[in-house]
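# Inside the fold
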Amino acid sequence: MSTTWWSLLNKQEKEDQDDGVSEPQLGEQDKRFQKQPNDDAEISPGELTFEEDTAGGMGRHLGITSCTLLIVGKIIGTGIFSTPSSILSSVGSVGASFMLWVLGFLLSFCGLFIWLELGTMFPRSGGEKVYLEAVYRKPKYLATIVFAANAILLGFTASGCIVFASNILVAADQAVGRWNERGIALGVMLFVTLLHGFTPKTGVLIMNLLSIFKIVILVFVVITGWVVLSGKTRVMDPYYNFRNAFAGSSTSSNDYATATFKVLFAYSGWSNVNYVMNNVRNPVRTLKIAAPLGLGICAVLYLLANVAYFSAATKMEIEESGVTVAALFFGNVFGSVAERALSVFIALSAIGNVITSTFSAARVNQELAKEGIPLPFGNKFWASNWPTGKSPLPGLIIHLILSVIVIIAPPPNIAYPFILDVEGYPQQIINFFIVIGLFYLRWTKPDTVRPFKVWWPLAVFFLAAAAFRELPIYNLNTLSNQTVLIAPFLKPANGVGDTPPLPYYLYCLVGIAVMLAGVLYWAAWRIILPKVFGYELVPRKERLDDGTVVTVFSNKKLQ
């Protein structure tokens, strides 16, 4: 089986490498853009030109197959195995739950189309970093440093490592203790770092195979659901939940806001290719195909998996079982033994998500270092592909350090819900400014080459949703006259929020503090220190031994 999948992957990758096949499929605008990318000085991101920014490393080695699987691997983590039950509990009915999954799919596609326009305009690694630099050019480097603070300090994958560890221990029938769980999680993070750092081709292959494995598991769930609906299993009444599907639906907007947030989190990851565009062959064409295809695969599987889950257990069983909806599904259809197999499936899905997330995060860290932002030991080391010359191990190390701290330091039952909130708040602020930037570029640079243009009502819809998601989901009914800056500090209906004993407002304070730390870091680097010590920052470009071009700043004494 694995040999067959490997052969198929290699076959597709060879097809993608064949310029004779790929080139005729490019539109005239795409061909013109491939030759003349947007390096207009007024919108070119950062100090480096397109050719300089894309130099070094393994070059363009990711085709349509790998990019599609990169998105699939990031989106399909562990949420689809557990989230449906919590969403059902929030909204109260199967029909309302299913409609929210459809809404999440539509919102995610709106966001994808926005990132698709910007990603094809600026086909460089870095994602939001690149788009912020293109729009918010003054004060110079402020957008870069603020994004860097968020990406580095909050860009870890600790929760996936913990999920893998806990599920592997359950599958092995071992007690889950605080330190054996953390020990396995640390081992996973170290393994992933070494995998991508020293054997990048093997890392991509494993990443692809695990993404395919996730697809296979969900297809198995979907097909099993069809069998259940046929009435040929031990499930007595598979259509119970679909009669009066909206009965019992919640009438509280707070409940729907909470559930929508969870659905959107389950769909997150559709922008994963935007972070690694320097490694993508025919980046414009590949992104235009792989991004909708990857999200589309996940959306179809998510919707059909929900149908399968709800066919195997009643709403009451799901709400009262105390286990994930996937565990209940496997238990009801195959028996209790299958629930242990599910733990293995979830563990493999979790580690696949960690491998995929780490791959892209390391390249974002490398892009930040290439811009010349001041880092310990100098930015040239962190921007390099040391030691292999092919993969950014220093960028992986940055990711490793933060992930290790998060795995070891806080109590998991309190820390991980809090971490999700902290990550989400500043990211939604960044997304808000990205969409504003899209409209700004449409207005100020209407003639700029755009290989893809999002229909503007979709962008408006996503912008409204981004503003909505910045509101605290538990205060939605009381916020009609409040601003998004004040709203997070209003006391929630339950009085404690979702991360007790931590204060309900702490996550937004920490998120804001991270972004303000970036502002202070920028001010110290660009204004305060030069003024105090009487020098100016002079940029120059250097080409490293591995071919990577970096911006380096030197201090020129003022006369």
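Described below are features of the structure shown in this document.

So, how was this worked out
- In this numbering scheme, every chain counts its residues from 1 along its sequence in written order.
- Where totals are concerned, whole chains, interfaces and linings use all residues; where local detail is concerned, this predicted model gives features only for residues with pLDDT of at least 70, and gives and counts side-chain atom pairs only at 80 or more.
- Side-chain descriptors were evaluated using all non-hydrogen atoms of the structure, hydrogens and water having been removed beforehand.
- Where helices and strands are cited, they refer to DSSP runs of H or I of at least four residues and of E of at least two residues respectively, numbered from the N terminus.
- Only protein chains enter the area calculation, which uses a 1.4 Å probe; residues under 20% of their type maximum are buried, those over 50% are exposed, and those in between are partly exposed.
- Each accessible area is a Shrake-Rupley result for a 1.4 Å probe, and residues are judged covered by the shown protein chains and nothing else.
- Paired rings are identified among Phe, Tyr and Trp, the last through its six-membered ring, by centres lying within 6.5 Å, and are further divided according to the angle between planes into stacked (under 30 degrees), edge-to-face (over 60) and tilted (the rest).
- Look at NZ for Lys and CZ for Arg. If either is within 6 Å of the ring centre and within 35 degrees of the ring normal, a charge sits over the ring.
- Residues belong to one nonpolar core when they are buried, are Ala, Val, Leu, Ile, Met, Phe, Trp, Tyr or Cys, and are joined through side-chain atoms within 4.5 Å.
- A contact between two residues is defined here by any heavy atoms of the two lying within 4.5 Å.
- Patch members must show over 30% relative accessible area and no salt bridge, and they are joined within 9 Å when carrying like charges or within 5 Å when they are nonpolar side chains of Val, Leu, Ile, Met, Phe, Trp or Tyr.
- A side-chain nitrogen of Lys or Arg and a carboxyl oxygen of Asp or Glu constitute a salt bridge if their distance falls within 4 Å.
- A 3.5 Å cut-off defines polar contacts: any pair of N or O atoms within that distance qualifies, except that in protein one atom must be a possible hydrogen donor and the other a possible acceptor, and neighbouring residues in sequence count only when both atoms are side-chain atoms.
- Here a cavity denotes grid points, spaced 1 Å and computed from the protein atoms alone, that fit a 1.4 Å probe unable to get out, and a pocket denotes an open set having protein on both sides within 12 Å along at least 5 of 7 lines; residues with an atom within 4 Å of a point are the lining.
- Grid points are joined across faces, edges and corners, and a volume is the space filled by probe spheres set on the points.
- Note that Gly is not counted as nonpolar here; it falls among the polar residues with everything else outside the nonpolar set of Ala, Val, Leu, Ile, Met, Phe, Trp, Tyr, Cys and Pro and the charged set of Asp, Glu, Lys and Arg.

## Considerations on the overall build of the chain
- Scanning the chain for helices and strands turns up 22 helices and two strands.
- Every one of the 559 residues in the chain was classed for burial, and the buried ones make up 55%.
- Element-wise, carbon and sulfur atoms account for 65% of the exposed surface of the chain, whose accessible area totals about 23,600 Å².

## Quick word on the packing of aromatic side chains
- This structure, assessed with the given rule, holds 23 aromatic pairs.
- Here the aromatic rings of Phe 105 and Phe 109 are separated by 5.0 Å at their centres, their planes lie at 80°, and the arrangement is edge-to-face. One end of the pair is Phe 105 and the other is Phe 109, both in helix 7 (residues 94-121) and four residues apart, which spans about a single turn.
- Ring plane angle 75° and centroid distance 5.4 Å describe the contact between Tyr 141 and Trp 525, whose orientation is recorded as edge-to-face. Taken as a pair, Tyr 141 in the loop between helix 8 (128-135) and helix 9 (142-153) and Trp 525 in helix 22 (residues 506-533) lie far apart in primary sequence, 384 residues in all.
- Of the aromatic side chains, those joined through ring pairs into one cluster are Phe 213, Phe 220, Tyr 309, Phe 329, Phe 330, Phe 334 and Phe 345.
- For the cation-ring pair, Arg 182 lies above Trp 179, with the distance from its terminal atom to the ring centre recorded as 5.0 Å.
- Over the aromatic face of Phe 359 sits the side chain of Arg 363, whose NZ or CZ is 3.9 Å from the ring centroid.

## Structural notes on the nonpolar core
- One finds Phe 81, Trp 101, Ile 114, Tyr 302 and Tyr 309 to be the most contacted residues of the largest nonpolar core, which totals 146 residues.
- Beyond its immediate chain neighbours, meaning those up to four positions away, Tyr 302 contacts Ile 75, Ile 76, Ile 80, Trp 101, Leu 218, Ala 266 and Tyr 267.

## Observations concerning a nonpolar patch on the surface
- On the surface, Val 219, Ile 223, Trp 226, Val 227, Val 300 and Leu 304 cluster together to form a nonpolar patch covering roughly 490 Å² of accessible area.
- The set of elements that each furnish at least two residues to the nonpolar patch consists of helix 12 (200-229) and helix 14 (283-312).
- Here the nonpolar patch gets four residues from one element, more than from any other, and that element is helix 12.
- As for its position among the elements, Leu 304 is in helix 14.
- Of the residues examined, Leu 304 reaches a relative accessible area of 31% and is grouped as partly exposed.

## Some points on the side chain of Lys 129
- Note on placement: Lys 129 falls in helix 8.
- A distance of 3.4 Å separates a polar atom in the side chain of Lys 129 from a polar atom in the side chain of Glu 371.
- Discounting chain neighbours no more than four positions away, the residues touching Lys 129 are Phe 147, Glu 367, Leu 368 and Glu 371.

## Some details on empty space enclosed by the protein
- Tallied over the entire structure, the rule returns three cavities of 30 Å³ or more.
- Each pocket or cavity is described by its volume, and for the largest cavity that value is around 160 Å³.
- Lining the largest cavity we find 19 residues, and of these Gly 56, Gly 57, Asn 278, Asn 279 and Gln 366 sit closest to its centre.
- Take the lining of the largest cavity: its biggest share by element is four residues, from helix 17 (residues 337-370).
- In terms of residue class, the lining of the largest cavity is built from three nonpolar, 11 polar and five charged.

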